[in-house]
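# Structural features, examined
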Amino acid sequence: MSSAAPDPAAPATRIGAVTYLNTVPLVRGLQAQLPTAELSFDYPSRLADELAEGRLDVALAPCIEVARHPEWSIVSTACIGCRGPVLSVKVLFRRSPAEVRTLALDEGSRTSAVLAQILLADRFGTRPRLQLLPLASSPLDSTADAVLVIGDRAIRPVSGDFCEAWDLGEEWVRETGLPFVFAVWAARPGIDASELEPAFDAARDLGLRELETIATEQATAMDLPRPLVLQYLRDNLNFYLDDSARRGLDLYFRRAGELGLISDHFKLRFHDCHVER
């Protein structure tokens, strides 16, 4: 990071981060890395909207929104992804997946909403009618054949008349052999990203060194077993946008384009961002 003193007249960089447990390691030391930045937290879908509307300069954005906004660029190798079961992204089925006609989508989701549709289309050729599951609603409030839930509420056990559950990270990796990436640090045009990449990467590296402490704190705050929280952060999640993760993203975008969910001409755009190999 540059050692030059920040310009007091320059407007603060507005950074939006996800409010879920999976983001804690990425922002553990972020304010110290970017002391003049304004850091706020919200659900992934809302962050994407705020970045698109210019109310944020940088956000931990759902990957699918990077495809829908080709003017955005990825500014860090830090990400939220997985290389197997992710635990916090699930589709709960009331009937056999092959028979699903209606799918309720978690209002906080964008990337996972498309991923669920890709997997159902690939395996069964189905395109279910979509419904909304509001953030304040339980999966039990929906009468859809299948319900997508993400984030902290997906980690907790769900009772009800569900006959099957998919962990979408596990299902993607089983089908493709590639990692999956749910969210990346994305910046709108005109943002000076020269200090962002090292700051985001350094914050991630600090968070990963402090996973034991984070797990203790978050288990207490969320009233979850500490071993579960530690396993989730350490074993279920991947925080590195490396070459294999990028290939997984490329395939995801290609399939989304083939289904007409994004432009089929989209190409990933990086802001001088070194993708690890």
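What counts, and where the lines are drawn
- Residues numbered from 1 in each chain as written.
- Predicted model: local features only at pLDDT ≥ 70, side-chain atom pairs only at ≥ 80, totals over all residues.
- Heavy atoms only, no water.
- Buried < 20%, exposed > 50% of the residue type's maximum accessible area, 1.4 Å probe, protein only.
- Helix = DSSP H or I, 4+ residues; strand = E, 2+ residues; numbered from the N terminus.
- Core = buried A, V, L, I, M, F, W, Y, C linked by side-chain atoms within 4.5 Å.
- Contact = heavy atoms within 4.5 Å.
- Pairing = 2+ DSSP bridges.
- Axes fitted to C-alpha atoms, helices over the stretch in contact; angles between N-to-C directions.
- Parallel < 35°, antiparallel > 145°, perpendicular 65-115°, else oblique.
- Nonpolar A, V, L, I, M, F, W, Y, C, P; charged D, E, K, R; others polar.
- Polar contact = N/O pair within 3.5 Å; in protein donor to acceptor, adjacent residues only side chain to side chain.
- Phe/Tyr/Trp six-rings, centres within 6.5 Å; stacked < 30°, edge-to-face > 60°.
- Left-handed = near helix turned anticlockwise from the far one by under 90°.
- 1 Å grid on protein atoms, 1.4 Å probe; cavity = no way out; pocket = protein on both sides within 12 Å on 5 of 7 lines; lining within 4 Å.
- Points joined across faces, edges and corners; volume = space filled by probe spheres on them.
- Disulfide = S-S within 2.5 Å.

Before going further, it helps to examine helix H7 (residues 168-176). The complete set of buried residues in H7 reads Leu168, Gly169, Glu171, Trp172 and Val173. Phi turns positive one or two residues past the end of H7, at Gly177, with a value near 75°.

A few words now on the nonpolar core. Within the largest apolar cluster, 89 residues are counted, with the highest numbers of intra-cluster contacts made by Val58, Val91, Leu168, Trp185 and Tyr252. With near-sequence residues (within four places) excluded, Leu168 lies in contact with Val89, Val91, Ser112, Leu115, Ala116, Leu119 and Leu148. Residues Leu92, Leu133, Ala144 and Ala154 belong to the second largest nonpolar core, which totals 8 residues.

A sheet is described by the order of its strands in space; here 6 strands give the open sequence S2-S1-S3-S10-S4-S11, paired in mixed fashion. Lying at the two open borders of the sheet, with one neighbouring strand each, are strand S2 (38-42) and strand S11 (238-240). Strand after strand, the sheet turns through a mean of 25° between neighbouring axes, direction not considered. In the sheet, strand S1 (residues 14-18) pairs with strand S3 (residues 58-62) via 2 bridges, with the strands oriented parallel. From the neighbouring strand, Gly16 faces S3, where its bridge partner is Ala59.

A separate point is the packing of helix H5 (residues 111-124) against helix H11 (residues 243-258). A pair of packed helices is captured by two measures, namely the crossing angle of their axes and the spacing between those axes. Relative to each other, H5 and H11 sit at 70°, their axes nearing to 10 Å. As far as their axial angle goes, H11 and H5 are roughly perpendicular. Counted together, Thr111, Val114, Leu115, Ile118 and Asp122 of H5 and Tyr252, Arg255 and Ala256 of H11 form the full contact between these two elements. For the contact of H5 with H11, a count of residues per class yields 5 nonpolar, 1 polar and 2 charged.

All right, on to the environment of Ser142 then. For Ser142, the location among the structural elements is in the loop between strand S7 (129-133) and strand S8 (146-150). For the pair Ser142 and Leu103, spaced 39 residues apart in sequence, the C-alpha to C-alpha distance is 9.5 Å. Once residues within four sequence positions are removed from consideration, Ser142 is found in contact with Arg94, Ala104, Gln131, Leu133 and Val147. Of note is the side chain of Ser142, whose polar atom sits 3.1 Å from the backbone nitrogen of Ala144.

Attention now goes to the packing of aromatic side chains. Applying the stated rule across the entire model yields 9 aromatic pairs. Between Phe180 and Phe182, the ring centres sit 4.7 Å apart and the planes meet at 65°, which makes this aromatic pair edge-to-face. For the pair formed by Phe180 and Phe182, the shared burial category is buried. With a centroid separation of 4.1 Å and 10° between ring planes, the pair formed by Trp185 and Phe200 is classed as stacked. Of this pair, Trp185 sits in strand S10 (residues 180-187) while Phe200 is found in helix H8 (residues 196-209), placing the two residues 15 residues apart along the sequence.

Turning our eyes to something else, we now look at the sheet that holds strand S6 (residues 102-106). Strand order across the open sheet formed by 5 strands is S7-S6-S8-S5-S9, with mixed pairing between neighbours. Looking along the sheet, the strands with just one partner apiece sit at the ends: S7 and strand S9 (164-167). Strand after strand, the sheet turns through a mean of 20° between neighbouring axes, direction not considered. In this structure, strand S5 (residues 89-93) lies alongside S9, joined through 4 bridges in antiparallel fashion.

Our next topic: the packing of helix H9 (residues 211-222) against helix H10 (residues 226-236). Packing of H9 against H10 brings their axes to within 8 Å, and their N-to-C directions diverge by 135°. The angle between the axes of H9 and H10 places the two elements in the oblique class. The chirality of how H9 crosses H10 is right-handed. The segment H9 lies against H10, with Leu211, Glu212, Ile214, Ala215, Thr216, Gln218 and Ala219 engaging Arg226, Val229, Leu230, Leu233 and Arg234. Its residues assigned to classes, the contact of H9 with H10 comprises 7 nonpolar, 2 polar and 3 charged.

For the structure on display, the rule yields 1 cavity of 30 Å³ or more. Residue lining of the largest cavity: 19 residues in total, with Asn22, Pro44, Ser112, Ile150 and Phe182 positioned closest to the centre. Counting only elements with at least two residues in the lining of the largest cavity, the list comes to H5 and S10. Of the residues assigned to the lining of the largest cavity, the class counts are 11 nonpolar, 7 polar and 1 charged.

The next point concerns the state of the cysteines. This structure, assessed with the given rule, holds 0 disulfides. Looking at Cys63, it has no disulfide partner, and the nearest cysteine sulfur is the one in Cys79, 7.4 Å off. Residue classification places Cys63 among the buried positions, given a relative accessible area of 1%.

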